[in-house]
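Summary of the model geometry
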2 protein chains.
Amino acid sequence: MEKPYVLGIDMGGTNTKFGIVDARGNVLNSSSIKTQKYTDINEYCDVLCHEMMKLVDAQGGIELIRGVGAGAPNANYYTGNIENAANLPWKGVVPFAQMISDRMGVPCRITNDANAAAMGEMTYGVAKGMKNFIMITLGTGVGSGIVIDGKVVYGHDGFAGELGHTKIIRDSSARLCGCGQKGCIEAYASANGVARTAKELLKTTNRPSLLRKLPVEEVTSKDVFDAAMQDDEMAKEIFDYTGNLLGAKLADFIAFSAPEAIVLFGGLTKAGDILMQPIVRSMNENVVRFWKDKVKVLFSSLKDSDAAILGASALVWDVDAQAPMTTK
Amino acid sequence: MEKPYVLGIDMGGTNTKFGIVDARGNVLNSSSIKTQKYTDINEYCDVLCHEMMKLVDAQGGIELIRGVGAGAPNANYYTGNIENAANLPWKGVVPFAQMISDRMGVPCRITNDANAAAMGEMTYGVAKGMKNFIMITLGTGVGSGIVIDGKVVYGHDGFAGELGHTKIIRDSSARLCGCGQKGCIEAYASANGVARTAKELLKTTNRPSLLRKLPVEEVTSKDVFDAAMQDDEMAKEIFDYTGNLLGAKLADFIAFSAPEAIVLFGGLTKAGDILMQPIVRSMNENVVRFWKDKVKVLFSSLKDSDAAILGASALVWDVDAQAPMTTK
């Protein structure tokens, strides 16, 4: 009998979500556990697999499950290990894919969250049918998944696609990024980056803004968006600045892999046109002339709540996969 | 009978070199014609093929030739066309690969010069056995060929790998690049870029330098190198500055494709350690921490005079090629 379903896991620093997905990208059934609650990785895997097995049993049993795909921070696609993840409770190198196969009795494959998002977009989303595109995730940080010739790029060590940590500002004013470097695009074009821009403007200028009603240290990217929607000049300028910097960086990425499209995903994309317009303008101003107005910039079409699980599940459907799946 | 040889063509704006190459990368026989002499592309192809056929006949006849590979400006690997090349006498779109197969009676495949160099390095040079590396050509301009998973990256339109036109300086001081954009790494880390840095320093400072013996507008990168070899402080500083900028940009490239190595090729690499040291230092200062001191920077091992012909010939040996070869 053909196995019609896969399990997708979206492991974040706070929550781990998981669900059963069919080949059309429907999430049939999902649940979650608290990642931080389990300081012992064995206990975490025991609970996760126990909870997943409940969903599996409700859906007809493990015989219907082709495998497990997981998106996780610092996941190495080649080895199946999670390596030195700063935001997870488990230090060092964790053989996560193997631990899951051992418990579930089906194969498992893992990758980082942005690569999983790219797989999801290619399998079920706006990049369906595309062979060359770049996925940029604009959340707390800036992540990326690069697809060339229909495959996610993993590179020599499995960690390719860290575009959030390429530099956009190289002078003395460059912001310190969470990675320890200065001037990374993540420090400007993430939700945190937008909030930092707002705080800088509020502190260093006297310009009027709706944002001044809030305690300055608590301003979020959502607040900036809400103010911009009320036609607040400073808030609109913040999105302009953000889009300008990100667009200039996208032009660099185009020169690398000549993608058909760049797909934007994540919380910050809720800003819509107010972010998209400066991105597209700046990208086309900065790109080599033969790509001017040629490369599409698209918002992801996947539902936020499902996208990460879908992306992870797509790892299992991938028949051209470059890495083997673990087996029990 | 196995066909043991291929023809490699290295088309430049001034000269077109070509030669017969065996599977071990020996150039058995080579010659050249003047590119600029032929304003009619048909006449150019007639003469080129006539001259190549002389070499072929001397080597035992066309039955021994597996095909023709060519490296040319603005060559589109997918279509076999040369498209709107600024430095060639023929305007518009030229179906070069087809024109060569028609005349020679063997298949032909083309790519741009930097991609050809990458193929050559992977087939015969220091990148032999590597699956993931980036070739950077430091000549009059800065070119690049990106290899991922053993294949040159061509992207959606065939023009991927224009890393010379990614930006290193984004403020008002940024230099105008030949491409029309400002601040491209090509405007700093090419032979021309080194000469421009020298001219700027000579004009805007009163610092002593051996370079002051030359007419300022005629200073070349070779002059700067010669002065540096004589321990000239300004000349050494120019290479330091160049290496610093290029190294910072290489760090960005690493974040994209996580290569095993970056291979540098072309005239400027003759500078040796004086260029290599600041490149490596700056690259490791600017790269995301888990790649620090992990990515090799190597000089090409191919003889300058043969490299382009070798690279072009490697297109024909490529059994995994993504583009078909033209046939008569």
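Note that the structure is a prediction, hence the values are computed from the model and not measured.

Looking only at helices and strands, one finds nine helices and 12 strands in chain A. Relative to the 2.2 N^0.38 estimate, which gives 20 Å for 328 residues, the radius of gyration of chain A is 20 Å and therefore close to what a compact globule would have. Along the first, second and third principal axes, the C-alpha set of chain A runs to 65 × 45 × 35 Å. Residue burial in chain A is summarised as follows: out of 328 residues, 53% are buried.

Regular strands place their side chains on alternate faces of the sheet. Residue and element names in this part refer to chain A. In this structure, strand E2 (residues 15-22) lies alongside strand E3 (residues 27-34), joined through seven bridges in antiparallel fashion. The partner of Gly 19 across the bridge, within E3, is Ser 30. The antiparallel pairing of E2 with E3 creates a hairpin that spans four residues between the two strands, and Gly 25 there sits at a positive phi of about 90°.

When chain A is fitted to chain B, the residual RMSD is 0.0 Å, and the transformation amounts to a turn of 180° plus an axial shift of 0.0 Å. Each copy turns onto its partner about a two-fold axis. With an isologous cut-off of 70% or more, the 100% of interface residues of chain A that recur at the interface of chain B puts this contact in the isologous class.

Here we come to the domain arrangement of chain A. All names here are of chain A. Per the domain assignment, the segments of chain A are domain 1 (5-118 + 305-317) and domain 2 (127-300). Of note, the centres of domain 1 and domain 2, computed from C-alpha atoms alone, are 28 Å apart. Listed as interface residues are 10 residues of domain 1 and, on the opposing side, 12 residues of domain 2. Top element by residues in the side of domain 1 that touches domain 2 is helix H3 (residues 113-124). It accounts for five residues. Taken together, the residues of the side of domain 1 that touches domain 2 sort by class into six nonpolar, three polar and one charged.

Before going further, it helps to examine the sheet that holds strand E9 (residues 142-148) of chain A. Residue and element names in this part refer to chain A. As summarised here, the arrangement of the five strands in space is E10-E9-E8-E11-E12, forming an open sheet in which the pairing is mixed. Across the chains shown, the open sheet's two edge strands, defined by having one partner strand only, are strand E10 (151-152) and strand E12 (296-299). Examined bridge by bridge, E9 and E10 share two bridges and lie antiparallel to one another. Bridging across to E10, Ile 148 finds its partner in Lys 151.

Taken together, the contact between chain A and chain B spans 31 residues of the former and 31 residues of the latter. Listed by contribution, the elements that provide at least two residues to the side of chain A that touches chain B are E9 and helix H7 (233-257) of chain A. Of all the elements, H7(A) adds the most residues to the side of chain A that touches chain B, at five residues. Taken together, the residues of the side of chain A that touches chain B sort by class into 14 nonpolar, nine polar and eight charged.

Analysis parameters
- Residues numbered from 1 in each chain as written.
- Chains lettered and ligands numbered in written order.
- Predicted model: local features only at pLDDT ≥ 70, side-chain atom pairs only at ≥ 80, totals over all residues.
- Helix = DSSP H or I, 4+ residues; strand = E, 2+ residues; numbered from the N terminus.
- Rg over C-alpha atoms; globule rule 2.2 N^0.38 Å.
- Buried ≥ 20, exposed ≤ 12 C-beta atoms within 10 Å, placed from the backbone.
- Pairing = 2+ DSSP bridges.
- Least-squares fit on C-alpha atoms with pLDDT ≥ 70 in both.
- Contact = placed C-beta atoms within 7 Å.
- Domains from an automatic or database assignment.
- Nonpolar A, V, L, I, M, F, W, Y, C, P; charged D, E, K, R; others polar.

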